Amino acid sequence: MSGLEPFGARLRRAMDERGPLCVGIDPHASLLAEWGLNDDVAGLERFSRTVVEALADRVAVLKPQSAFFERFGSRGVAVLEKSVAEARAAGALVVMDAKRGDIGSTMAAYAESFLHKDAPLFSDALTVSPYLGYGSLSPAVALARESGAGLFVLALTSNPEGGEVQHAVRSDGRNIGATMLAHLSAENAGEEPLGSFGAVVGATLGDLSSYDLDINGPLLAPGIGAQGATPADLPRVFGRAVRNVVPNVSRGVLRHGPDAVTLRDAAERFAEEIRHTVTSS
Ligand SMILES: O=C(O)c1cc(=O)[nH]c(=O)n1[C@@H]1O[C@H](COP(=O)(O)O)[C@@H](O)[C@H]1O
């Protein structure tokens, strides 16, 4: 199977050309209501199409959150398929936020669902959970390599509950979050200009200087906006690794809809602030 150019290279170029902002497509029921839409498939379709039409030709990454589509069953998943295809056709990279993770043999099927080039939901990258053991993700790593796709592995998540798992210390003295970062570093060794295997590291976490964030791969950083972090926090949280950070904003942008111009302006304000803090750090 001949795949695309590796995700890391495509992402680096998109970040250089468009700036690193990732906007989430998270059609919460409360946002549908704020946009004057019904909490049904038609409302979902209109919401998602509006975001894609407003932003896919200008932001580097769009990240649909699968749960909000799955809520509507097969018709919601059909909207998700269409949104992914339209966003990619308009030039955005799509990170499917489905946070899959299972025993290896089942993980292979999840990988086929999102990372096989002929899959209806093929996406440029997929969020995955390594908490059945990092090795259980190997079928997804292998298929991503073959397809030119990427993964974002939950390492240090933005939510306050994450520490109970991710800060737990192993017998070798390293904590679980740091262990995931080390696995990703090994995955990305020697890749230029950037590896395809990223970590999810929350922008809400404060100073992370005790972690080696230099994984030669992208760092997806949710938590800006609704969860309280700001673009100005990025250099303090990520240090030198800030240049590989893909900051995600979902509700902080989406609450400005349904008008496309207002949505674009909101995304542009975040993008500008991010550009400013990253280039001046
Ligand atoms: O993998 C993710 O995207 C993710 C990881 C994480 O640690 N924290 C986190 O908030 N997310 C996702 O990022 C988005 C954040 O949304 P907002 O808080 O509305 O900006 C949601 O879709 C979350 O599911």
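Each chain carries its own residue numbering, running from 1 in the written order of its sequence. Owing to the predicted nature of the model, reporting of local features is limited to residues with pLDDT of at least 70; listing and counting of side-chain atom pairs is limited to 80 or more, with chain, interface and lining totals taken over all residues. Side-chain numbers come from the whole structure's heavy atoms, not from hydrogens or water.

Taking an unreviewed UniProt entry as the reference, the protein chain is identified by name as Orotidine 5'-phosphate decarboxylase belonging to Streptomyces swartbergensis. UniProt positions are given in the numbering used here, feature names are shortened, and annotations may be inferred rather than shown by experiment. Under the UniProt heading Catalytic activity (unreviewed entry), the note attached to the protein chain is "orotidine 5'-phosphate + H(+) = UMP + CO2". The UniProt entry for the protein chain carries the following comment under Pathway (unreviewed entry): "Pyrimidine metabolism; UMP biosynthesis via de novo pathway; UMP from orotate: step 2/2."

K.L.:
When you look at the UniProt feature "domain: Orotidine 5'-phosphate decarboxylase" (unreviewed entry) in the protein chain in this model, what are you seeing that I'm missing?
P.N.:
UniProt marks residues 20–266 with the feature "domain: Orotidine 5'-phosphate decarboxylase" (unreviewed entry), using the numbering shown here. The way it works is that DSSP assigns letters per residue, a run of H or I at least four long becomes a helix, a run of E at least two long becomes a strand, and they are numbered from the N terminus. Overall, residues 20–266 shows 39% helix and 16% strand. The separation of its end C-alpha atoms is 15 Å.

K.L.:
Quick question: what am I supposed to make of the environment of Ser196 here?
P.N.:
Checked against the element boundaries, Ser196 lands in the loop between α9 (176–187) and β6 (197–201). Sequence separation between Ser196 and Phe152 is 44 residues, and the spatial gap between their C-alpha atoms is 8.6 Å. With residues up to four places along the chain from it excluded, the contact list for Ser196 reads Pro6, Phe7, Gly8, Ala149, Gly150, Leu151 and Asn188. A distance of 3.4 Å separates a polar side-chain atom of Ser196 from the backbone nitrogen of Phe7. When checking whether two residues touch, look at their non-hydrogen atoms; a contact exists if any pair is within 4.5 Å. We call two N or O atoms a polar contact when they sit within 3.5 Å, provided that within protein one can donate a hydrogen and the other can accept it, with sequence-adjacent residues counted only if both atoms are side-chain atoms.

K.L.:
Where do I start with empty space enclosed by the protein in this structure?
P.N.:
Gaps between atoms show up when a probe of the same size as a water molecule is rolled over them. Put plainly, a pocket is an open set of points on a 1 Å grid over the protein atoms alone with protein on both sides within 12 Å along at least five of seven lines, a cavity is a set where a 1.4 Å probe fits but cannot get out, and a lining residue has an atom within 4 Å of a point. Grid points are joined across faces, edges and corners, and a volume is the space filled by probe spheres set on the points. With the rule as written, the count across this model stands at one cavity of 30 Å³ or more. The space that makes up the largest cavity amounts to roughly 40 Å³. Every residue along the wall of the largest cavity is listed here: Glu45, Ser48, Arg49, Val79, Lys82, Ser83 and Glu86. Sorting the residues of the lining of the largest cavity by element identifies α3 (41–55) and α5 (73–89) as the ones contributing at least two each. No other element matches the four residues that α5 contributes to the lining of the largest cavity. Residues belonging to the lining of the largest cavity are distributed by class as follows: one nonpolar, two polar and four charged. Note that Gly is not counted as nonpolar here; it falls among the polar residues with everything else outside the nonpolar set of Ala, Val, Leu, Ile, Met, Phe, Trp, Tyr, Cys and Pro and the charged set of Asp, Glu, Lys and Arg.

K.L.:
Where do I start with the pairing of strand β3 (residues 93–100) in this structure?
P.N.:
Burial analysis of β3 places seven of its eight residues in the buried class, which makes it a mostly covered element. Strands were regarded as paired on the criterion that DSSP finds at least two bridges between them. Taken together, the three bridges between β3 and strand β4 (residues 125–128) define a ladder with parallel strand orientation. Following the sheet pairing, Met96 is matched in β4 by Leu126. Crossover handedness is defined here as right-handed if the route from the first strand over the helix to the second strand goes clockwise, with the strands pointing away from the viewer. Handedness of the crossover joining β3 and β4 through helix α6 (residues 104–115) is recorded here as right-handed. Each residue gets one of three labels from its accessible area relative to the maximum for its type: buried under 20%, exposed over 50%, partly exposed in between, using a 1.4 Å probe on protein chains only.

K.L.:
Got a minute to help me understand the UniProt feature "active site" (unreviewed entry) in the protein chain in this structure?
P.N.:
In this structure's numbering, the residues bearing the UniProt feature "active site" (unreviewed entry) are Lys99. In this structure, Lys99 sits in strand β3. What makes Lys99 partly exposed here is its relative accessible area of 39%. With residues up to four places along the chain from it excluded, the contact list for Lys99 reads Gln65, Thr127, Val128, Ser129 and Leu154. Polar side-chain contacts of Lys99 include one of 2.8 Å to the side chain of Asp97.

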